[in-house]
Amino acid sequence: MPSTNVLEMREMKKTFAGIPVLKDVSFELRKGEVHALMGGNGAGKSTLMKILTGVYLRDAGQLRVDGRDQVFSKPRDAEAAGIAMIFQELSLVPTLTVAQNIFLHREPRKGVFLNEAEAVRRSREILADLGENIDPQARVEELSLGACQMVEIAKALSKNAQILVMDEPTSSLSEHETSTLFDIVRRLKNNDISIIYISHRMSEIFEICDRVTVMRDGRTVLTEDCNKVSMEKVIEAMLGQGTGSSMKWHARDARPDASVVLEVDKISSAGDYKDVSFKIRAGEIVGLAGLMGSGRTEIAQAIFGIRKPESGEIRISGKTVRSTADAIGAGVALVPESRRTQGLVLDHSIRKNFQLPNLDMFKFGRFIGERSGTAVVEGMIDKLKIKTDNPEREVVLLSGGNQQKVVLSKWLVREPKLLVLDEPTVGVDIGAKSEIVEIVRSIAERGAAVLVISSEFEELLAMSDRLLVLRDGQVVDDLDRRMITSEEVLHHAVQG
(Lines give C-alpha, C1' and ligand atoms only; values in the text may rest on other atoms or scores of the structure.)
Protein backbone atom coordinates (compact mmCIF):
# COMPACT_ATOMS: atom_id res chain seq x y z
CA MET A 1 0.00 0.00 0.00
CA PRO A 2 1.48 3.38 -0.98
CA SER A 3 2.25 5.60 2.01
CA THR A 4 1.75 8.94 0.21
CA ASN A 5 -1.21 10.85 1.61
CA VAL A 6 -3.38 12.56 -1.01
CA LEU A 7 -5.62 14.01 1.71
CA GLU A 8 -4.97 15.18 5.25
CA MET A 9 -7.59 16.67 7.58
CA ARG A 10 -6.16 17.69 10.95
CA GLU A 11 -7.98 18.80 14.13
CA MET A 12 -11.12 19.77 12.24
CA LYS A 13 -13.76 21.71 14.20
CA LYS A 14 -17.27 22.82 13.27
CA THR A 15 -20.10 24.28 15.36
CA PHE A 16 -23.76 24.88 14.46
CA ALA A 17 -25.93 27.20 16.58
CA GLY A 18 -23.43 26.91 19.41
CA ILE A 19 -23.46 23.10 19.32
CA PRO A 20 -20.07 21.50 18.46
CA VAL A 21 -20.52 18.87 15.74
CA LEU A 22 -16.83 18.32 14.96
CA LYS A 23 -14.68 18.68 18.07
CA ASP A 24 -11.30 17.34 17.03
CA VAL A 25 -11.32 15.16 13.92
CA SER A 26 -8.31 13.94 11.98
CA PHE A 27 -8.51 11.84 8.84
CA GLU A 28 -6.02 10.90 6.15
CA LEU A 29 -6.33 9.16 2.80
CA ARG A 30 -3.54 7.48 0.87
CA LYS A 31 -3.11 7.31 -2.88
CA GLY A 32 -4.94 4.33 -4.34
CA GLU A 33 -6.60 3.49 -1.01
CA VAL A 34 -10.19 2.55 -0.20
CA HIS A 35 -10.72 3.99 3.28
CA ALA A 36 -13.94 3.30 5.20
CA LEU A 37 -15.46 6.12 7.25
CA MET A 38 -17.87 4.86 9.90
CA GLY A 39 -19.73 6.21 12.88
CA GLY A 40 -23.09 6.40 14.58
CA ASN A 41 -25.86 8.94 14.16
CA GLY A 42 -24.54 12.43 14.80
CA ALA A 43 -20.93 11.25 14.85
CA GLY A 44 -20.03 13.98 12.34
CA LYS A 45 -19.29 11.96 9.18
CA SER A 46 -21.59 14.01 6.94
CA THR A 47 -20.30 17.32 8.30
CA LEU A 48 -16.69 16.26 7.74
CA MET A 49 -17.44 15.26 4.15
CA LYS A 50 -19.35 18.48 3.49
CA ILE A 51 -16.28 20.42 4.58
CA LEU A 52 -14.16 18.30 2.24
CA THR A 53 -16.53 18.90 -0.69
CA GLY A 54 -16.93 22.65 -0.11
CA VAL A 55 -20.50 22.67 1.21
CA TYR A 56 -19.42 23.90 4.66
CA LEU A 57 -16.48 26.02 5.79
CA ARG A 58 -14.54 24.64 8.74
CA ASP A 59 -14.24 26.68 11.94
CA ALA A 60 -10.72 25.41 12.63
CA GLY A 61 -8.26 22.77 11.47
CA GLN A 62 -6.08 22.05 8.47
CA LEU A 63 -7.11 20.62 5.10
CA ARG A 64 -4.36 19.51 2.72
CA VAL A 65 -4.78 17.94 -0.72
CA ASP A 66 -1.63 16.59 -2.40
CA GLY A 67 0.43 18.41 0.19
CA ARG A 68 -1.19 21.83 -0.43
CA ASP A 69 -3.25 23.71 2.15
CA GLN A 70 -6.80 24.24 0.90
CA VAL A 71 -9.87 26.27 1.84
CA PHE A 72 -12.96 25.22 -0.10
CA SER A 73 -15.66 27.89 0.07
CA LYS A 74 -17.93 26.22 -2.49
CA PRO A 75 -18.29 22.78 -4.14
CA ARG A 76 -16.59 23.94 -7.36
CA ASP A 77 -13.41 24.63 -5.34
CA ALA A 78 -13.35 20.99 -4.23
CA GLU A 79 -14.06 19.77 -7.77
CA ALA A 80 -11.16 21.86 -9.07
CA ALA A 81 -8.92 20.11 -6.53
CA GLY A 82 -10.00 16.69 -7.84
CA ILE A 83 -12.63 15.77 -5.24
CA ALA A 84 -16.09 14.41 -6.09
CA MET A 85 -18.87 12.91 -4.00
CA ILE A 86 -21.36 10.26 -5.04
CA PHE A 87 -24.40 10.64 -2.81
CA GLN A 88 -26.68 7.92 -1.45
CA GLU A 89 -29.60 9.56 -3.25
CA LEU A 90 -28.37 9.81 -6.83
CA SER A 91 -28.23 13.29 -8.36
CA LEU A 92 -28.96 12.37 -11.98
CA VAL A 93 -31.70 14.01 -14.07
CA PRO A 94 -33.98 11.11 -15.16
CA THR A 95 -35.25 12.72 -18.39
CA LEU A 96 -31.74 13.46 -19.74
CA THR A 97 -29.46 10.98 -21.47
CA VAL A 98 -26.45 9.36 -19.85
CA ALA A 99 -24.06 11.64 -21.78
CA GLN A 100 -26.08 14.76 -20.93
CA ASN A 101 -25.93 13.85 -17.24
CA ILE A 102 -22.22 13.14 -17.27
CA PHE A 103 -21.40 16.53 -18.79
CA LEU A 104 -24.26 18.55 -17.26
CA HIS A 105 -23.19 22.24 -17.02
CA ARG A 106 -19.85 21.28 -18.63
CA GLU A 107 -21.08 20.36 -22.11
CA PRO A 108 -18.48 20.12 -24.92
CA ARG A 109 -19.01 22.85 -27.48
CA LYS A 110 -18.30 23.49 -31.12
CA GLY A 111 -18.20 27.25 -31.33
CA VAL A 112 -21.36 28.55 -29.66
CA PHE A 113 -23.22 25.26 -30.14
CA LEU A 114 -23.32 22.18 -27.91
CA ASN A 115 -21.31 19.26 -29.30
CA GLU A 116 -23.59 16.34 -28.44
CA ALA A 117 -21.55 13.87 -30.51
CA GLU A 118 -18.39 14.71 -28.52
CA ALA A 119 -20.23 14.27 -25.23
CA VAL A 120 -21.44 10.84 -26.39
CA ARG A 121 -17.94 9.84 -27.57
CA ARG A 122 -16.26 10.88 -24.32
CA SER A 123 -18.97 9.29 -22.21
CA ARG A 124 -18.61 5.99 -24.05
CA GLU A 125 -14.85 6.18 -23.50
CA ILE A 126 -15.15 6.76 -19.74
CA LEU A 127 -17.76 4.00 -19.34
CA ALA A 128 -15.56 1.60 -21.32
CA ASP A 129 -12.66 2.36 -18.97
CA LEU A 130 -14.97 1.33 -16.14
CA GLY A 131 -15.77 -1.90 -17.99
CA GLU A 132 -19.38 -0.82 -18.53
CA ASN A 133 -21.35 -1.14 -21.76
CA ILE A 134 -24.00 1.49 -21.00
CA ASP A 135 -25.46 3.37 -23.99
CA PRO A 136 -24.53 7.07 -23.58
CA GLN A 137 -27.66 8.03 -25.53
CA ALA A 138 -30.06 6.10 -23.25
CA ARG A 139 -32.26 8.11 -20.92
CA VAL A 140 -31.33 7.69 -17.26
CA GLU A 141 -34.96 6.84 -16.36
CA GLU A 142 -34.56 3.67 -18.46
CA LEU A 143 -31.58 2.40 -16.44
CA SER A 144 -31.38 0.14 -13.40
CA LEU A 145 -30.18 1.54 -10.09
CA GLY A 146 -26.87 -0.24 -10.56
CA ALA A 147 -26.35 1.36 -13.96
CA CYS A 148 -27.24 4.78 -12.52
CA GLN A 149 -24.55 4.28 -9.87
CA MET A 150 -22.02 3.64 -12.66
CA VAL A 151 -23.13 6.80 -14.46
CA GLU A 152 -22.55 8.77 -11.24
CA ILE A 153 -19.01 7.37 -11.06
CA ALA A 154 -18.43 8.20 -14.74
CA LYS A 155 -19.67 11.73 -14.08
CA ALA A 156 -17.14 12.12 -11.25
CA LEU A 157 -14.29 10.75 -13.37
CA SER A 158 -15.20 13.10 -16.23
CA LYS A 159 -14.20 15.91 -13.83
CA ASN A 160 -10.77 14.26 -13.41
CA ALA A 161 -11.53 13.38 -9.80
CA GLN A 162 -8.67 11.72 -7.94
CA ILE A 163 -10.59 11.45 -4.65
CA LEU A 164 -14.07 9.90 -4.66
CA VAL A 165 -16.42 9.98 -1.68
CA MET A 166 -19.00 7.18 -1.88
CA ASP A 167 -21.94 7.59 0.50
CA GLU A 168 -23.79 4.29 1.14
CA PRO A 169 -23.24 3.25 -2.50
CA THR A 170 -24.89 -0.19 -2.20
CA SER A 171 -27.95 0.75 -0.13
CA SER A 172 -30.34 0.25 -3.06
CA LEU A 173 -28.36 -2.25 -5.14
CA SER A 174 -29.01 -5.94 -5.72
CA GLU A 175 -26.37 -8.53 -4.85
CA HIS A 176 -25.23 -8.70 -8.49
CA GLU A 177 -25.10 -4.91 -8.83
CA THR A 178 -23.10 -4.69 -5.60
CA SER A 179 -20.60 -7.22 -6.95
CA THR A 180 -20.27 -5.15 -10.14
CA LEU A 181 -19.71 -1.99 -8.10
CA PHE A 182 -16.96 -3.68 -6.09
CA ASP A 183 -15.22 -4.66 -9.33
CA ILE A 184 -15.34 -0.99 -10.37
CA VAL A 185 -13.94 0.12 -7.00
CA ARG A 186 -11.02 -2.29 -7.37
CA ARG A 187 -10.37 -1.04 -10.91
CA LEU A 188 -10.37 2.58 -9.70
CA LYS A 189 -8.00 1.67 -6.90
CA ASN A 190 -5.60 0.04 -9.38
CA ASN A 191 -5.67 3.32 -11.32
CA ASP A 192 -4.56 5.20 -8.16
CA ILE A 193 -7.97 6.76 -7.51
CA SER A 194 -8.47 7.19 -3.75
CA ILE A 195 -11.88 6.40 -2.28
CA ILE A 196 -13.58 7.35 0.98
CA TYR A 197 -16.21 4.66 1.47
CA ILE A 198 -19.10 5.44 3.84
CA SER A 199 -21.24 2.45 4.74
CA HIS A 200 -22.99 0.88 7.71
CA ARG A 201 -22.66 -2.61 6.24
CA MET A 202 -19.78 -4.23 8.10
CA SER A 203 -19.31 -7.08 5.64
CA GLU A 204 -18.67 -4.58 2.82
CA ILE A 205 -16.04 -2.73 4.85
CA PHE A 206 -13.99 -5.85 5.41
CA GLU A 207 -14.41 -7.01 1.81
CA ILE A 208 -13.52 -3.85 -0.11
CA CYS A 209 -11.64 -1.44 2.20
CA ASP A 210 -7.98 -1.18 3.16
CA ARG A 211 -8.40 0.88 6.32
CA VAL A 212 -11.25 2.02 8.52
CA THR A 213 -11.71 5.21 10.55
CA VAL A 214 -14.47 5.41 13.16
CA MET A 215 -15.94 8.68 14.43
CA ARG A 216 -17.97 9.08 17.61
CA ASP A 217 -19.44 12.26 19.12
CA GLY A 218 -17.52 14.54 16.77
CA ARG A 219 -14.13 12.91 17.33
CA THR A 220 -11.93 10.32 15.64
CA VAL A 221 -11.76 7.27 17.92
CA LEU A 222 -10.20 4.58 15.72
CA THR A 223 -8.09 4.28 12.57
CA GLU A 224 -6.76 0.83 11.70
CA ASP A 225 -5.97 -1.53 8.82
CA CYS A 226 -9.03 -3.67 8.07
CA ASN A 227 -6.97 -6.85 8.21
CA LYS A 228 -5.80 -5.97 11.73
CA VAL A 229 -9.11 -5.14 13.38
CA SER A 230 -12.18 -7.24 14.18
CA MET A 231 -15.79 -6.39 13.46
CA GLU A 232 -16.45 -6.42 17.21
CA LYS A 233 -13.73 -3.82 17.76
CA VAL A 234 -15.21 -1.52 15.10
CA ILE A 235 -18.72 -1.83 16.60
CA GLU A 236 -17.33 -1.15 20.08
CA ALA A 237 -15.58 1.97 18.77
CA MET A 238 -18.81 3.19 17.15
CA LEU A 239 -20.98 2.64 20.20
CA GLY A 240 -18.46 3.30 22.94
CA GLN A 241 -19.89 0.29 24.78
CA GLY A 242 -21.05 -3.26 24.22
CA THR A 243 -23.65 -3.81 21.50
CA GLY A 244 -26.24 -5.07 23.94
CA SER A 245 -28.90 -7.53 22.84
CA SER A 246 -31.10 -5.42 20.55
CA MET A 247 -30.06 -7.27 17.40
CA LYS A 248 -30.52 -10.66 19.04
CA TRP A 249 -33.85 -12.42 18.66
CA HIS A 250 -36.07 -12.73 21.71
CA ALA A 251 -38.87 -15.28 21.56
CA ARG A 252 -42.21 -13.55 22.13
CA ASP A 253 -45.40 -15.14 23.38
CA ALA A 254 -47.56 -16.33 20.50
CA ARG A 255 -51.04 -14.79 20.31
CA PRO A 256 -53.10 -17.34 18.33
CA ASP A 257 -56.36 -15.91 19.65
CA ALA A 258 -55.50 -12.28 18.82
CA SER A 259 -57.69 -10.58 16.25
CA VAL A 260 -56.62 -10.57 12.59
CA VAL A 261 -55.54 -7.01 11.70
CA LEU A 262 -54.29 -7.54 8.12
CA GLU A 263 -55.68 -10.05 5.67
CA VAL A 264 -54.17 -10.18 2.19
CA ASP A 265 -56.38 -12.41 0.03
CA LYS A 266 -55.02 -13.68 -3.31
CA ILE A 267 -53.81 -10.32 -4.61
CA SER A 268 -52.12 -10.19 -8.01
CA SER A 269 -50.50 -7.50 -10.15
CA ALA A 270 -48.92 -8.45 -13.47
CA GLY A 271 -45.13 -8.37 -13.34
CA ASP A 272 -45.04 -7.66 -9.59
CA TYR A 273 -46.74 -10.42 -7.55
CA LYS A 274 -49.22 -13.25 -7.99
CA ASP A 275 -51.85 -14.87 -5.72
CA VAL A 276 -50.31 -13.51 -2.54
CA SER A 277 -52.20 -14.39 0.64
CA PHE A 278 -51.29 -14.03 4.33
CA LYS A 279 -52.62 -12.74 7.65
CA ILE A 280 -51.07 -10.77 10.51
CA ARG A 281 -52.61 -10.72 13.99
CA ALA A 282 -52.54 -7.97 16.59
CA GLY A 283 -49.19 -7.88 18.41
CA GLU A 284 -47.44 -9.98 15.75
CA ILE A 285 -44.29 -9.01 13.83
CA VAL A 286 -44.06 -10.66 10.41
CA GLY A 287 -40.99 -10.35 8.22
CA LEU A 288 -41.20 -10.40 4.43
CA ALA A 289 -37.98 -11.91 3.06
CA GLY A 290 -37.11 -11.86 -0.63
CA LEU A 291 -34.55 -10.70 -3.12
CA MET A 292 -34.76 -7.28 -4.76
CA GLY A 293 -37.37 -7.49 -7.54
CA SER A 294 -39.37 -10.19 -5.76
CA GLY A 295 -42.34 -7.86 -5.27
CA ARG A 296 -41.73 -6.84 -1.64
CA THR A 297 -42.18 -3.07 -2.02
CA GLU A 298 -45.08 -3.45 -4.44
CA ILE A 299 -46.99 -5.54 -1.88
CA ALA A 300 -46.30 -2.94 0.84
CA GLN A 301 -47.61 -0.19 -1.45
CA ALA A 302 -50.71 -2.24 -2.24
CA ILE A 303 -51.46 -2.63 1.48
CA PHE A 304 -51.18 1.15 1.92
CA GLY A 305 -53.42 1.76 -1.10
CA ILE A 306 -50.75 3.34 -3.31
CA ARG A 307 -50.87 0.61 -5.97
CA LYS A 308 -54.21 -1.13 -6.28
CA PRO A 309 -53.86 -4.85 -7.11
CA GLU A 310 -55.47 -6.05 -10.33
CA SER A 311 -57.27 -8.81 -8.45
CA GLY A 312 -57.74 -10.01 -4.90
CA GLU A 313 -58.57 -8.09 -1.76
CA ILE A 314 -56.82 -6.42 1.20
CA ARG A 315 -58.72 -6.09 4.48
CA ILE A 316 -57.85 -4.24 7.67
CA SER A 317 -59.84 -5.49 10.67
CA GLY A 318 -62.33 -6.94 8.19
CA LYS A 319 -62.77 -3.77 6.10
CA THR A 320 -61.62 -3.67 2.47
CA VAL A 321 -58.86 -1.18 1.60
CA ARG A 322 -59.10 0.38 -1.87
CA SER A 323 -57.13 3.61 -1.45
CA THR A 324 -54.53 5.34 0.70
CA ALA A 325 -57.32 7.27 2.41
CA ASP A 326 -58.99 3.94 3.27
CA ALA A 327 -55.71 2.59 4.63
CA ILE A 328 -54.95 5.62 6.82
CA GLY A 329 -58.54 5.71 8.02
CA ALA A 330 -58.27 2.01 8.97
CA GLY A 331 -55.13 2.68 10.99
CA VAL A 332 -52.35 1.70 8.55
CA ALA A 333 -48.99 3.49 8.60
CA LEU A 334 -46.21 3.05 6.02
CA VAL A 335 -42.53 3.88 6.50
CA PRO A 336 -41.43 3.86 2.83
CA GLU A 337 -38.28 2.46 1.27
CA SER A 338 -36.75 5.90 0.59
CA ARG A 339 -37.14 8.32 3.48
CA ARG A 340 -35.61 11.23 1.55
CA THR A 341 -37.83 11.03 -1.55
CA GLN A 342 -40.98 9.37 -0.16
CA GLY A 343 -41.03 9.88 3.59
CA LEU A 344 -39.88 13.45 4.22
CA VAL A 345 -39.91 17.01 2.88
CA LEU A 346 -36.24 17.71 3.46
CA ASP A 347 -36.30 21.51 3.52
CA HIS A 348 -39.17 21.57 6.02
CA SER A 349 -38.78 21.45 9.79
CA ILE A 350 -39.25 18.38 11.97
CA ARG A 351 -42.52 19.88 13.21
CA LYS A 352 -43.91 20.50 9.70
CA ASN A 353 -42.96 16.99 8.56
CA PHE A 354 -44.70 15.69 11.64
CA GLN A 355 -47.86 17.68 10.86
CA LEU A 356 -48.24 16.67 7.20
CA PRO A 357 -49.95 13.28 7.70
CA ASN A 358 -51.65 14.51 10.86
CA LEU A 359 -53.36 17.74 9.81
CA ASP A 360 -56.66 16.54 11.26
CA MET A 361 -55.02 16.43 14.70
CA PHE A 362 -53.57 19.95 14.64
CA LYS A 363 -56.05 22.16 12.83
CA PHE A 364 -58.22 24.78 14.51
CA GLY A 365 -61.32 25.17 12.38
CA ARG A 366 -59.99 25.64 8.85
CA PHE A 367 -56.48 26.69 9.91
CA ILE A 368 -53.24 25.09 11.08
CA GLY A 369 -51.51 27.04 13.86
CA GLU A 370 -47.91 27.99 13.08
CA ARG A 371 -46.73 26.27 16.25
CA SER A 372 -49.54 23.75 16.62
CA GLY A 373 -48.45 20.33 17.75
CA THR A 374 -45.08 21.52 19.06
CA ALA A 375 -45.62 19.92 22.47
CA VAL A 376 -46.59 16.60 20.84
CA VAL A 377 -43.57 16.76 18.52
CA GLU A 378 -41.24 17.53 21.42
CA GLY A 379 -42.68 14.52 23.25
CA MET A 380 -41.93 12.23 20.29
CA ILE A 381 -38.44 13.71 19.88
CA ASP A 382 -37.76 12.82 23.50
CA LYS A 383 -39.41 9.40 23.28
CA LEU A 384 -37.52 8.30 20.15
CA LYS A 385 -34.28 10.06 21.20
CA ILE A 386 -34.08 12.16 18.03
CA LYS A 387 -30.89 14.23 18.19
CA THR A 388 -31.81 17.84 17.50
CA ASP A 389 -31.74 21.14 19.36
CA ASN A 390 -35.36 22.05 18.50
CA PRO A 391 -38.43 20.98 16.45
CA GLU A 392 -37.86 23.81 13.96
CA ARG A 393 -34.59 22.28 12.72
CA GLU A 394 -34.77 21.43 8.99
CA VAL A 395 -34.89 17.67 8.50
CA VAL A 396 -32.14 17.79 5.85
CA LEU A 397 -29.68 18.78 8.61
CA LEU A 398 -30.33 15.59 10.61
CA SER A 399 -28.32 12.38 10.30
CA GLY A 400 -29.84 9.43 8.43
CA GLY A 401 -30.89 7.58 11.57
CA ASN A 402 -32.56 10.65 13.04
CA GLN A 403 -34.38 11.31 9.75
CA GLN A 404 -35.70 7.75 9.89
CA LYS A 405 -36.92 8.31 13.44
CA VAL A 406 -38.82 11.41 12.25
CA VAL A 407 -40.58 9.26 9.60
CA LEU A 408 -41.48 6.73 12.29
CA SER A 409 -42.60 9.27 14.86
CA LYS A 410 -45.03 11.11 12.58
CA TRP A 411 -46.98 7.87 12.17
CA LEU A 412 -46.62 6.54 15.72
CA VAL A 413 -48.55 9.49 17.12
CA ARG A 414 -51.60 8.04 15.36
CA GLU A 415 -51.15 4.75 17.25
CA PRO A 416 -51.54 2.65 14.08
CA LYS A 417 -53.20 -0.77 14.07
CA LEU A 418 -50.79 -1.90 11.33
CA LEU A 419 -47.27 -0.58 10.80
CA VAL A 420 -45.64 -1.44 7.46
CA LEU A 421 -41.87 -0.91 7.44
CA ASP A 422 -40.04 -1.04 4.08
CA GLU A 423 -36.26 -1.14 4.68
CA PRO A 424 -36.60 0.64 8.06
CA THR A 425 -32.86 0.85 8.79
CA VAL A 426 -31.33 1.42 5.36
CA GLY A 427 -28.34 3.74 5.61
CA VAL A 428 -28.60 3.73 9.41
CA ASP A 429 -25.73 3.00 11.80
CA ILE A 430 -25.66 0.04 14.20
CA GLY A 431 -26.65 2.14 17.23
CA ALA A 432 -29.71 3.71 15.57
CA LYS A 433 -30.58 0.34 14.05
CA SER A 434 -30.73 -1.23 17.51
CA GLU A 435 -32.93 1.64 18.74
CA ILE A 436 -35.34 1.22 15.81
CA VAL A 437 -35.56 -2.54 16.44
CA GLU A 438 -36.47 -1.83 20.07
CA ILE A 439 -39.10 0.72 18.98
CA VAL A 440 -40.70 -1.84 16.63
CA ARG A 441 -40.80 -4.44 19.41
CA SER A 442 -42.47 -1.98 21.78
CA ILE A 443 -45.10 -1.11 19.14
CA ALA A 444 -45.98 -4.79 18.75
CA GLU A 445 -46.07 -5.26 22.53
CA ARG A 446 -48.76 -2.56 22.68
CA GLY A 447 -50.89 -4.63 20.29
CA ALA A 448 -50.13 -3.27 16.81
CA ALA A 449 -49.51 -5.63 13.90
CA VAL A 450 -46.18 -5.10 12.12
CA LEU A 451 -44.99 -6.08 8.63
CA VAL A 452 -41.23 -5.66 8.11
CA ILE A 453 -39.46 -5.72 4.74
CA SER A 454 -35.67 -5.73 4.83
CA SER A 455 -32.73 -6.77 2.66
CA GLU A 456 -30.75 -7.40 5.85
CA PHE A 457 -31.61 -10.87 7.08
CA GLU A 458 -29.99 -10.24 10.47
CA GLU A 459 -32.54 -7.49 11.02
CA LEU A 460 -35.49 -9.67 9.93
CA LEU A 461 -34.37 -12.50 12.20
CA ALA A 462 -33.92 -10.12 15.15
CA MET A 463 -37.46 -8.74 14.93
CA SER A 464 -39.80 -11.28 13.39
CA ASP A 465 -42.13 -13.83 14.97
CA ARG A 466 -42.81 -15.32 11.54
CA LEU A 467 -41.16 -14.93 8.15
CA LEU A 468 -42.89 -15.06 4.77
CA VAL A 469 -40.52 -16.07 1.98
CA LEU A 470 -41.24 -14.24 -1.27
CA ARG A 471 -39.82 -15.56 -4.53
CA ASP A 472 -40.69 -14.27 -8.01
CA GLY A 473 -43.73 -12.45 -6.66
CA GLN A 474 -45.17 -15.42 -4.77
CA VAL A 475 -45.16 -16.41 -1.10
CA VAL A 476 -43.45 -19.81 -1.17
CA ASP A 477 -43.02 -20.40 2.57
CA ASP A 478 -44.33 -19.30 5.97
CA LEU A 479 -41.64 -19.96 8.59
CA ASP A 480 -41.89 -19.88 12.37
CA ARG A 481 -38.88 -17.90 13.61
CA ARG A 482 -38.17 -20.64 16.17
CA MET A 483 -37.47 -23.05 13.32
CA ILE A 484 -34.76 -20.87 11.74
CA THR A 485 -31.43 -21.77 13.29
CA SER A 486 -29.18 -19.38 11.35
CA GLU A 487 -29.05 -16.60 8.79
CA GLU A 488 -27.83 -19.17 6.25
CA VAL A 489 -31.10 -21.10 6.57
CA LEU A 490 -33.06 -17.97 5.57
CA HIS A 491 -30.67 -17.27 2.70
CA HIS A 492 -31.25 -20.78 1.32
CA ALA A 493 -35.03 -20.39 1.68
CA VAL A 494 -35.01 -17.08 -0.24
CA GLN A 495 -32.64 -18.30 -2.97
CA GLY A 496 -34.63 -21.50 -3.49
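1. Re the overall build of the chain
Secondary structure assignment for the chain yields 18 helices and 24 strands. Taken over the C-alpha trace, the chain has a radius of gyration of 24 Å; the compact-globule value for 496 residues is 23 Å, and the two agree within 12%. Across its three principal axes, the chain shows a C-alpha extent of roughly 70 × 55 × 50 Å. Sorting the 496 residues of the chain into buried and exposed places 52% on the buried side. Pairs at least 24 apart in sequence give 67% of the contacts found in the chain among residues at least 6 apart. Taken together, the 66 basic and 72 acidic charged side chains of the chain have centroids lying 4 Å from each other.

2. Some thoughts on the sheet that holds strand β22 (residues 449–453)
Strand order in this open sheet of six strands is β18-β21-β22-β15-β23-β24, and the pairing throughout is mixed. Edge positions in the sheet fall to β18 (332–335) and β24 (474–480), since each of these pairs with one other strand and no more. For this sheet, the mean angle separating the axes of adjacent strands, direction not counted, is 20°. Both strand β15 (residues 285–289) and strand β23 (residues 466–471) contribute to a ladder of four bridges, which runs parallel.

3. Looking at helix α14 (residues 374–383)
Listing the buried residues of α14 in full gives T374, V377, M380 and I381. All buried residues of α14 lie within an arc of 125° about the axis, which places them on one face of the element. Every exposed residue of α14 that faces more than 90 degrees away from the buried side is listed here: A375, D382 and K383. Phi turns positive one or two residues past the end of α14, at K385, with a value near 55°.

4. A closer look at the confidence of the model for the chain
Looking at the chain as a whole, its pLDDT mean stands at 88, while 94% of the residues score no less than 70. Mean pLDDT values for the elements of the chain range from 55 in strand β20 (residues 367–368) up to 97 in strand β16 (residues 311–316).

5. Here we look at the sheet that holds strand β14 (residues 273–281)
Here we have four strands laid out as an open sheet, ordered β14-β13-β16-β17, and antiparallel in their pairing. Edge positions in the sheet fall to β14 and β17 (319–320), since each has one partner strand and no second. Pairing analysis gives six bridges linking strand β13 (residues 260–269) to β14, with the strands arranged antiparallel. The partner of E263 across the bridge, within β14, is K279. Contacting β13, β14 and β16, helix α9 (residues 296–303) crosses the sheet at an angle of about 60° to β14.

6. Points about helix α5 (residues 145–158)
A rise of 1.5 Å per residue sets the reference length of α5, with its 14 residues, at 20 Å; its end C-alpha atoms lie 20 Å apart and thus fit the reference within 8%. Of all 14 residues making up α5, 13 are buried, and the element is well covered by its neighbours. Of the residues flanking the end of α5, it is N160, one or two places downstream, whose phi is positive at about 60°.

7. Some details on the pairing of β18
By the alternation rule, side chains of β18 split into V332 and L334 and A333 and V335, which are all buried. Sheet analysis places β18 next to strand β21 (residues 418–422), joined by four bridges and oriented parallel. Its bridge partner being in β21, L334 is matched across the sheet by V420.

8. Describing the packing of aromatic side chains
A full pass over the atoms with the stated rule returns two aromatic pairs. Summarising the aromatic geometry, the rings of F16 and Y56 are spaced 5.1 Å apart at their centres and angled 65° between planes, so their arrangement reads as edge-to-face. Of this pair, F16 sits in strand β1 (residues 5–16) while Y56 sits in the loop between α1 (45–52) and β4 (60–65), placing them 40 residues apart in sequence. Judged by relative accessible area, which is 18%, Y56 ranks as buried.

9. Description of the packing of helix α15 (residues 400–412) against helix α16 (residues 430–445)
Two elements in contact, α15 and α16, have axes separated by 10 Å at closest approach and are oriented at 15°. Of the possible angle classes, the one that applies to α15 and α16 is roughly parallel. The handedness of the crossing between α15 and α16 is left-handed. Along the contact surface, α15 presents G401, Q404, K405, L408 and L412, while α16 presents A432, E435, I436, I439 and I443. For the contact of α15 with α16, a count of residues per class yields six nonpolar, two polar and two charged.

10. What about the nonpolar core?
Of all hydrophobic cores here, the largest spans 76 residues; its most connected members are L262, F278, I303, L418, L419 and V450. The dominant element in this core, judged by the number of residues it contributes, is α16, at seven residues. When sequence neighbours within four positions are dropped, the list of residues in contact with L419 reads A333, V335, L408, L412, I443, A449, V450 and L451. With 51 residues, the next largest nonpolar core counts I86, C148, L164 and C209 among its residues.

11. Concerning unusual backbone geometry
Negative phi is the rule for most residues except glycine; trans is the rule for most peptide bonds. The phi torsion at D192 lies on the positive side, around 70°, for a residue other than glycine. Positionally, D192 belongs in the loop between α6 (175–190) and β10 (194–198).

12. What about the pattern of salt bridges?
Using the criterion set out here, one finds 30 salt bridges in the structure. E445 is the partner of R252 in a salt bridge, and the nearest nitrogen-oxygen pair spans 3.1 Å. You can see R252 sitting in the loop between α8 (231–239) and β13 and its partner E445 sitting in helix α16, a full 193 residues away along the chain. Its relative accessible area of 14% is what places R252 among the buried residues. E445 gets classed as partly exposed once you look at its relative accessible area, which sits at 47%. Among the ionic contacts, a cluster of salt bridges with common partners joins E8, R10, E28, E33, R64, D69 and R211.

The rules behind the values
Residues numbered from 1 in each chain as written. Predicted model: local features only at pLDDT ≥ 70, side-chain atom pairs only at ≥ 80, totals over all residues. Heavy atoms only, no water. Helix = DSSP H or I, 4+ residues; strand = E, 2+ residues; numbered from the N terminus. Rg over C-alpha atoms; globule rule 2.2 N^0.38 Å. Buried < 20%, exposed > 50% of the residue type's maximum accessible area, 1.4 Å probe, protein only. Contact = heavy atoms within 4.5 Å. Lys, Arg positive; Asp, Glu negative; His and termini not counted. Charge placed at Lys NZ, Arg CZ, Asp CG, Glu CD. Pairing = 2+ DSSP bridges. Axes fitted to C-alpha atoms, helices over the stretch in contact; angles between N-to-C directions. Arc of directions from axis to C-beta. pLDDT = per-residue confidence, 0-100. Expected span 1.5 Å × (residues − 1). Phe/Tyr/Trp six-rings, centres within 6.5 Å; stacked < 30°, edge-to-face > 60°. Parallel < 35°, antiparallel > 145°, perpendicular 65-115°, else oblique. Left-handed = near helix turned anticlockwise from the far one by under 90°. Nonpolar A, V, L, I, M, F, W, Y, C, P; charged D, E, K, R; others polar. Core = buried A, V, L, I, M, F, W, Y, C linked by side-chain atoms within 4.5 Å. Salt bridge = Lys/Arg side-chain N within 4 Å of Asp/Glu carboxyl O.

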